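Chain and residue survey
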2 protein chains.
Amino acid sequence: MRNHRQDVVDRALDVLDRYGLADLTMRRLGTELGVRPSALYHHFDDKQSLLAAVADELLARGARPVAPGEWDARVTAICAGLREALLAYRDGAELVATVRAFGLGAAGPYDALRDALRGAGLDPALAGTAADTLLHFVLGHTLDEQTHLQAGSAGAIADDPRPGSDFALGLAIVVDGIRVRVSEAARR
Amino acid sequence: MRNHRQDVVDRALDVLDRYGLADLTMRRLGTELGVRPSALYHHFDDKQSLLAAVADELLARGARPVAPGEWDARVTAICAGLREALLAYRDGAELVATVRAFGLGAAGPYDALRDALRGAGLDPALAGTAADTLLHFVLGHTLDEQTHLQAGSAGAIADDPRPGSDFALGLAIVVDGIRVRVSEAARR
DNA sequence: ACCTGAACACCGTTCAAGT
DNA sequence: ACCTGAACACCGTTCAAGT
């Protein structure tokens, strides 16, 4: 069927959104493209590389420009934009978390965060770790959020009350041991 | 071979530590126990339940009593203890993160954190969300840490310099949009 | 450049039947 | 209570060969 690499990525994103990450298999994707699974290995070394490309495409589609300005406003905008991009596709957060788990992908948000944090005057090495921490948080939180959202939309019963849509929490973090300080909390 | 449920859990933890999560399959575990894979389904409904039991066993083995006292010291001790428990077994962080992803396990640390945070005067519902956030952070951070540690110990080349052992970061977090504020940072 | 056909070495899970 | 034997419906990946 003479697919290009980009056709494969586009179709994979489509399969992801319609059937979920668990059903995004090489065999299924091949079928959707009218091609044997082995043909996919012409375009990608392995499934991990494919998923990394799909994750990056998902993030690219969700990318919104971040206005210059105060560094904390930029960090906020990057995190909010990332969250929105993840929620735009089924299992988006799980996909990106998976891809990051094997050390690939999501370089865009990472770099953007790191640069914004350097703009805050953070030591360059520290800015990298801080960017990782923020990504942990946004991915973890959005993963939960998306799991609950999808459970709600699939279940026979309506959502749990959804008590606002909460919360704030301040942390101060980490060492060889972990040192945590909850510095503020607010609800709205 | 007349295994009890606990024998299966113990052996699974052993296989995890020796071969990693990817090689902890029902078939492999059966072989290690001298039993057909189907025999495992006498003890567990499915692999997810097995993994949940293994995760809880891992956490139970790593559990250390948390001294009463200031709530923030308790939160710190719980997080540090959790991290230590996760690092004590190969792929420990990945296992617990996986188990939590399908909504099971790690209830112990969660409850402990929630109770400590209530002790800080947090609204009960907020304390639950805050406990989730802390778990996100500790799991995410320890996952990275363990990945790098294991990569280092497996690689042909020695560790990257390991520049101290980093970092602190303050956050204030989340909503429908995500609002992040980096409130402090320090290195040592 | 892109794909087929066929194989290899695996998975999780079910279920009737055995002891 | 615990296990076997056999099957079902899948996986990711490789590779020579075709166009």
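The following refers to the structure shown. (Residues numbered from 1 in each chain as written. Chains lettered and ligands numbered in written order. Predicted model: local features only at pLDDT ≥ 70, side-chain atom pairs only at ≥ 80, totals over all residues. Heavy atoms only, no water.)

A tally of regular secondary structure across chain A gives seven helices and two strands. In chain A, the succession of α and β elements from N to C terminus is α-α-α-α-α-α-α-β-β. Out of the 188 residues belonging to chain A, those deemed buried represent 45%. Sequence-distant contacts in chain A: of pairs separated by 6 or more residues, those separated by 24 or more amount to 61%. (Helix = DSSP H or I, 4+ residues; strand = E, 2+ residues; numbered from the N terminus. Buried < 20%, exposed > 50% of the residue type's maximum accessible area, 1.4 Å probe, protein only. Contact = heavy atoms within 4.5 Å.)

All names here are of chain A. For Gln48, the location among the structural elements is in helix α3 (residues 47-62). Between the C-alpha atoms of Gln48 and Leu104, which are 56 residues apart in sequence, the distance is 8.6 Å. Setting aside residues no more than four positions away along its own chain, Gln48 makes contact with Phe102 and Leu104.

Further remarks concern the pattern of salt bridges. Oppositely charged side chains are able to pair whenever their charged atoms sit close together. Residues and elements named next belong to chain A. Within the structure shown, the criterion is met by 20 salt bridges over all chains. Where Arg114 meets Asp111, a salt bridge forms, and the shortest distance between an N and an O atom there is 3.5 Å. Of this pair, Arg114 and Asp111 both sit in helix α6 (residues 107-119), three residues apart, roughly one helical turn. Through salt bridges with shared partners, a single network forms among Asp14, Arg18, Arg28 and Glu32. (Salt bridge = Lys/Arg side-chain N within 4 Å of Asp/Glu carboxyl O.)

Under the defined criterion, the tally for this structure stands at zero aromatic pairs over all chains. The ring of A:Tyr19 is capped by A:Arg28, whose NZ or CZ atom sits 4.0 Å from the centre of that ring. (Phe/Tyr/Trp six-rings, centres within 6.5 Å; stacked < 30°, edge-to-face > 60°. Lys NZ or Arg CZ within 6 Å of the ring centre and 35° of its normal.)

Turning our attention to the protein's contact with DNA strand C. As a structural note, the neighbourhood of DNA strand C is formed by 17 residues, with A:Arg2, A:Asn3, A:Arg36, B:Arg27 and B:Tyr41 the closest of them. Close to the protein, within 4 Å, the atoms of DNA strand C are drawn from sugar and phosphate at a rate of 57%. The separation between a base oxygen of DNA strand C and a polar side-chain atom of A:Ser38 is 2.8 Å. Between a phosphate oxygen of DNA strand C and a side-chain N or O atom of B:Thr25, the distance comes to 3.3 Å. In the surface near DNA strand C, the residues fall into five nonpolar, seven polar and five charged. (Near = heavy atom within 4 Å. Polar contact = N/O pair within 3.5 Å; in protein donor to acceptor, adjacent residues only side chain to side chain. Nonpolar A, V, L, I, M, F, W, Y, C, P; charged D, E, K, R; others polar.)

Let us look at the protein's contact with DNA strand D. Contacts to DNA strand D come from 17 residues, most closely from A:Arg27, A:Tyr41, B:Arg2, B:Asn3 and B:Arg36. The sugar-phosphate portion of DNA strand D accounts for 57% of its atoms within 4 Å of the protein, the bases making up the rest. At 2.5 Å, a side-chain N or O of A:Arg27 approaches a base nitrogen of DNA strand D. Within the backbone of B:Arg2, an N or O atom sits 2.7 Å from a phosphate oxygen of DNA strand D. Of the residues belonging to the surface near DNA strand D, the class tally is five nonpolar, seven polar and five charged.

Residues and elements named next belong to chain A. Relative orientation of the contacting elements helix α1 (residues 5-19) and helix α2 (residues 26-33) amounts to 110 degrees, with a least axis distance of 10 Å. As judged from the angle between their axes, α1 and α2 are roughly perpendicular. Of the two elements, α1 crosses α2, and the hand of that crossing is right-handed. Here Asp7, Val8, Arg11, Ala12, Val15, Arg18 and Tyr19 of α1 come into contact with α2, specifically with Arg28, Leu29, Glu32 and Leu33. (Axes fitted to C-alpha atoms, helices over the stretch in contact; angles between N-to-C directions. Parallel < 35°, antiparallel > 145°, perpendicular 65-115°, else oblique. Left-handed = near helix turned anticlockwise from the far one by under 90°.)

Moving on, we come to α3(A). Residues and elements named next belong to chain A. With 16 residues, α3 ought to run about 22 Å at 1.5 Å a step, and its terminal C-alpha atoms sit 23 Å apart, in line with that. Here α3 has its buried residues at Leu50, Leu51, Ala52, Ala53, Val54, Ala55, Glu57, Leu58, Leu59 and Gly62. Residues of α3 that are buried sit in contact with α1, α2, α4 (71-87), α5 (92-101) and α6. (Expected span 1.5 Å × (residues − 1).)

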